[in-house]
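# Per-entry structural report
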Amino acid sequence: MKSTQQTTLRNRVVVSGGIGVHSGKPVRLVLNPAEANVGLVFQRTGLANGASRRIEARHTKVTMTDLCTVIGEEGKNLVATIEHLVAALRGLNVDNCLIEVDGPETPIMDGSAAAFVEAIDSVGLTTLEAPRRFIKILKKVRIEHGRGYSELRPADEGFRLDVEIDFDNPVIGRQRKILDLEPQAFRRELARARTFGFLSDVEKLTKMGFALGASLENSVGIDGDRILNPEGLRYADEFVRHKMLDAVGDLALAGAPLIGAYQSYCGGHKMNVAVLDALFADKSAWRFVEAPVPQNREGARADLRAPAFLPERN
C-alpha cells in the first residue's frame, strides 16, 4: 500500500466564480486543512440567522441520488452535487479536509473536477502523524437494478475501477474503462471529464427546478446524434470517464480509501451509494486496516508537493 500516512492540505484555498448547476446561483467554496481522523467534512454556511452546519461526507448522510449526490438532513441543511469535488479529494489522496460552502450546492465549474484539482495542487499536501486507515473488501458485494449492476470485490492492494455504460444514443453508445486509482492517473484520465446531458431533457428538468445553471460551459450537450459544444469532446470516451469520476466521488463516501475492485454496468449515483450501503450492512465483507507510519530522521511530518496539473491531450 502506498501513502501510509494521512494527509491534508498545506494551506487554505478558495474556489470562487462558480455557480450551482441546478440552482444557477453563485457559490463560494473554501477548502481548509483539517487534523488527522477528521475525514472529509462539509461546513454548510449561509443558513438562516447566520447559522452553519457540519455534515460528514459519508454514505449514511446521503439523502438523494437522482441527478447528483446530495448529503445532509432530509429536506434541510443540504449540500448537493458533491461528487466531483469529493472525487478530486479522494483521487489526490486527501484524507482530511473541512469544506466550507455558502449555499446548497457545490459549484459545477466546467462540469469536471479540473478546477478542484488545480485548487488542491496550488497549495499541495502535507502528511500528518497518523496512519492512513483503509477499508479492505473481504468478499464480493453486488447490487442489481434492471439491467445494471454495481459490485465491490476483494483485491490484494490498491483500488481498481471497471465502469461500463450503454446508452441508446449514437454519440455515446457502449463505452468501458478500467483504471487503477492513484493521483497521477486521476489527473490524467478522469479529472477533465465533464458531465453531460440531453437537450431533450432540458425543458422537463427546468420545469422541475433542476439544471437552472446548466450550459455548454459546464456540460457536454447532446442533441440526437450531435455534440452541441463547439470545442467537441476532451476525450473520445469522455462519457464513461465522467461516470468513473462520479463513481470515485460516490465511493469516497465510504469514509476511507478502499482496497479492492469496483465494477459497474449502467450504474450511477444511486447504485454507487447502494453498493456501499450493502457493503457496510455485512460486517463480514470488510475490515479496517492501517498502514505503518514511517518516521523521518527528525521524527517530524513531511510535506508533499502535489505535481502540477497535467492536461489531457486530444
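Note that residues are indexed from 1 along each chain, following the sequence as it is written. Restriction of local features to residues with pLDDT of at least 70 applies here, the model being predicted, together with a cutoff of 80 or more for giving and counting side-chain atom pairs; totals for whole chains, interfaces and linings are based on all residues. Heavy atoms throughout the structure, all of them, feed into the side-chain values; hydrogens and water do not.

## Digging into the overall build of the chain
Just so we agree on the cut-off: For the purposes of this entry, the term helix denotes a DSSP run of H or I that reaches at least four residues, the term strand denotes a run of E that reaches at least two, and both are numbered from the N terminus. Radius of gyration: C-alpha atoms only; globule rule: 2.2 Å multiplied by the number of residues to the exponent 0.38. Here's how the labels work: a residue is buried when its accessible area is under 20% of the maximum for its type, exposed when over 50%, partly exposed in between, all with a 1.4 Å probe on protein chains only. By definition in these notes, contact holds between two residues if any of their heavy atoms fall within 4.5 Å. The protein chains shown are the only cover counted for residues, whose accessible areas, like all others here, come from Shrake-Rupley with a 1.4 Å probe. Neither His nor the chain ends is counted toward charge; the positive residues are Lys and Arg and the negative residues Asp and Glu. Every charge is mapped onto a representative atom, which is NZ of Lys, CZ of Arg, CG of Asp or CD of Glu.
From N to C terminus, the chain includes six helices and 21 strands. Since a compact globule built from 314 residues should have a radius of gyration of about 20 Å, the 19 Å found for the chain is in line with a globular shape. By residue count, 53% of the 314 residues in the chain fall in the buried class. In the chain, 75% of the contacts between residues at least 6 apart in sequence involve partners at least 24 apart. Entry remark: accessible area of the chain is about 14,400 Å², with carbon and sulfur atoms responsible for 48%. Taking the average place of the 41 positive charges on the side chains of the chain and the average place of its 41 negative ones, the gap between the two points comes to 3 Å.

## A word on the nonpolar core
What counts is decided by this rule: Think of a nonpolar core as a cluster: buried Ala, Val, Leu, Ile, Met, Phe, Trp, Tyr and Cys residues, connected wherever their side-chain atoms sit within 4.5 Å.
By size, the foremost hydrophobic cluster in this structure holds 69 residues, and its most contacted members are Leu9, Leu31, Phe42, Ile120, Leu152, Phe186 and Tyr262. If one sorts the elements of this core by residue count, helix 5 (residues 238-251) sits on top with seven residues. If we skip the residues at most four places from it in the chain, Tyr262 touches Ser150, Glu151, Leu152, Phe159, Arg160, Leu161, Asp162, Val163, Ala247, Leu251, Asn272 and Val275.

## A look at the sheet that holds strand 8 (residues 76-79)
This is how the line gets drawn: Here, any two strands with at least 2 DSSP bridges between them count as paired. Between the N-to-C directions of two axes lies an angle of 0 to 180 degrees, each axis being a line fitted to C-alpha atoms and, for a helix, fitted only over the stretch in contact.
If you trace the three strands from one edge of the open sheet to the other, you get 6-7-8, paired in antiparallel fashion. Each edge of the open sheet carries a strand with a single partner, namely strand 6 (62-64) and strand 8. The average angle at which neighbouring strand axes cross in this sheet is 45°, direction not considered.

## What about unusual backbone geometry?
Phi angles above zero are rare outside glycine, and Thr81 is one such case at about 55°. Mapped onto the secondary structure, Thr81 falls in the loop between strand 8 and helix 1 (83-91). Backbone geometry places Met109, a non-glycine residue, at a positive phi of 55°. Position of Met109 relative to the elements: it lies in the loop between strand 9 (97-101) and helix 2 (114-123). A residue is classified by how much of its surface remains accessible, and Met109, at 22% relative accessible area, is partly exposed.

## So, the packing of aromatic side chains
Which entries qualify depends on this criterion: For Phe, Tyr and Trp, rings pair up if their centres lie within 6.5 Å, where Trp contributes its six-membered ring, and each pair is then called stacked (planes under 30 degrees apart), edge-to-face (over 60) or tilted (otherwise).
Applying the stated criterion to the full structure yields six aromatic pairs. Aromatic side chains Phe167 and Phe198 sit 6.2 Å apart centroid to centroid with 40° between the ring planes, which places their arrangement in the tilted category. Here the residue Phe167 occupies a position in the loop between strand 14 (159-166) and strand 15 (174-180), and Phe198 occupies one in strand 16 (residues 196-198), the gap between them amounting to 31 residues. Its relative accessible area of 26% is what places Phe167 among the partly exposed residues. Between Phe280 and Trp286 the ring centres are 5.0 Å apart and the planes differ by 70°, which places this aromatic pair in the edge-to-face class.

## Let's talk about the sheet that holds strand 2 (residues 13-19)
Sheet strands pair by backbone hydrogen bonding; their relative direction is either parallel or antiparallel. Taken together, the five strands give an open sheet; going across it, the order is 2-3-9-4-5, and neighbouring strands pair in mixed fashion. Two strands lie at the open edges of the sheet, namely strand 2 and strand 5 (53-56), each paired on one side alone. For this sheet, the mean angle separating the axes of adjacent strands, direction not counted, is 20°. Two elements, strand 4 (residues 40-44) and strand 5, share four bridges in a ladder whose sense is antiparallel. Across the sheet, the residue bridging to Val41 is Glu56, located in strand 5. On top of the sheet, helix 1 reaches strand 3 (26-33), strand 4 and strand 9; it is set at about 145° to strand 4, its chief contact. This element, helix 2, spans strand 2 and strand 3 of the sheet and lies at about 160° to strand 2.

## Details of the environment of Arg90
The topology assignment puts Arg90 in helix 1. When its relative accessible area of 8% is taken as the criterion, Arg90 is described as buried. Considering only alpha carbons, one finds Arg90 and Leu40, 50 residues apart in sequence, at a separation of 9.2 Å.

## A short note on the pattern of salt bridges
Defined as follows: In the sections that follow, a salt bridge refers to a side-chain nitrogen of Lys or Arg positioned within 4 Å of a carboxyl oxygen of Asp or Glu.
One pass over the structure, following the stated rule, counts 21 salt bridges. Across the pair Arg132 and Asp95 runs a salt bridge, and its minimum N-O distance is 2.5 Å. Remark: Asp95 occurs in the loop between helix 1 and strand 9 and Arg132 occurs in the loop between strand 10 (125-131) and strand 11 (133-137); sequence separation between them is 37 residues. With respect to class, Arg132 is no different from Asp95; both count as buried. In this structure, Glu144 and Arg142 form a salt bridge, with 2.8 Å as the shortest nitrogen-oxygen distance. We classify Arg142 as partly exposed; its relative accessible area is 37%. A single salt-bridge network, built from bridges that share partners, covers Lys177, Arg188, Glu189, Asp237 and Arg241.

## Considering the confidence of the model for the chain
We count it as follows: Per-residue confidence from the prediction method is given by pLDDT, with values spanning 0 to 100.
The predicted model of the chain has a mean per-residue pLDDT of 91, with 92% of residues at 70 or higher. Note that pLDDT drops below 50 for residues 297-314; the model gives that stretch 48 contacts with residues more than four away or on any other chain.

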